[in-house]
Amino acid sequence: MGADFVCNLKVYRTAQGLTQEQLAEIVGVRRETIMRLEKAQYNPSLKLAIDISRAVKAPIEDIFVFK
């Protein structure tokens, strides 16, 4: 069961100096959701992808690369 996408979230999150917990709080999800996203185990909703994109100041298509 391979991921349908590559997630570069950790790179952009750490570049902004954010912990998983901090990013989760900013975008209104649990830390576990951020953890699963970073492992490409969870496919985000469009709203969550946009919120994350804004929080880490990077384009959605650079964070979530769909195959």
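Residues numbered from 1 in each chain as written. Predicted model: local features only at pLDDT ≥ 70, side-chain atom pairs only at ≥ 80, totals over all residues. Heavy atoms only, no water.

As annotated in an unreviewed UniProt entry, the chain is Helix-turn-helix transcriptional regulator from Candidatus Blautia pullistercoris.

Novice: Got a sec to walk through the UniProt feature "domain: HTH cro/C1-type" (unreviewed entry) in the chain? Specific residues and values, please.
Specialist: What UniProt calls "domain: HTH cro/C1-type" (unreviewed entry) maps, in this numbering, to residues 9-63. Each end of residues 9-63 is marked by a C-alpha atom, and these two atoms are 5 Å apart; helix forms 69% of the span and strand 0%. (UniProt positions renumbered as here; feature names shortened; annotations may be inferred. Helix = DSSP H or I, 4+ residues; strand = E, 2+ residues; numbered from the N terminus.)

Novice: Help me get a handle on helix 3 (residues 31-38), residues and values and all.
Specialist: It helps to recall that an α-helix has 3.6 residues per turn; residues three or four apart then point in one direction. Looking at helix 3, one finds that the buried residues are Thr33, Ile34, Leu37 and Glu38. Considered in projection along helix 3, the buried side chains sweep an arc of 135° and stay on one side of the axis. Structurally, helix 3 contributes buried residues whose contacts are with strand 1 (5-7), helix 1 (9-15), helix 2 (20-27), helix 4 (46-56) and strand 2 (64-66). (Buried < 20%, exposed > 50% of the residue type's maximum accessible area, 1.4 Å probe, protein only. Arc of directions from axis to C-beta. Contact = heavy atoms within 4.5 Å.)

Novice: Summarise the nonpolar core; cite the residues concerned and give the values.
Specialist: The biggest cluster of nonpolar side chains holds 18 residues, and the ones touching the most others in it are Leu9, Leu23, Ile34, Ile52, Val56 and Phe64. When contributions to this core are tallied by element, the ones reaching two or more residues are strand 1, helix 2, helix 3 and helix 4. The element contributing the most residues to this core is helix 4, with five residues. The residues touching Ile52, leaving out its near neighbours within four places in the chain, are Leu9, Val27, Ile34, Leu37, Ile63 and Phe64. (Core = buried A, V, L, I, M, F, W, Y, C linked by side-chain atoms within 4.5 Å.)

Novice: Lay out the packing of helix 2 against helix 4 in plain terms, naming residues and giving numbers.
Specialist: As a packed pair, helix 2 and helix 4 sit with axes 10 Å apart at the nearest point and diverge in direction by 120°. Overall, the two elements helix 2 and helix 4 adopt an arrangement that is oblique. Handedness of the crossing formed by helix 2 with helix 4: right-handed. Within the contact between the two elements, helix 2 uses Leu23, Ile26 and Val27 and helix 4 uses Leu48, Asp51, Ile52, Ala55 and Val56. Of the residues belonging to the contact of helix 2 with helix 4, the class tally is seven nonpolar, no polar and one charged. (Axes fitted to C-alpha atoms, helices over the stretch in contact; angles between N-to-C directions. Parallel < 35°, antiparallel > 145°, perpendicular 65-115°, else oblique. Left-handed = near helix turned anticlockwise from the far one by under 90°. Nonpolar A, V, L, I, M, F, W, Y, C, P; charged D, E, K, R; others polar.)

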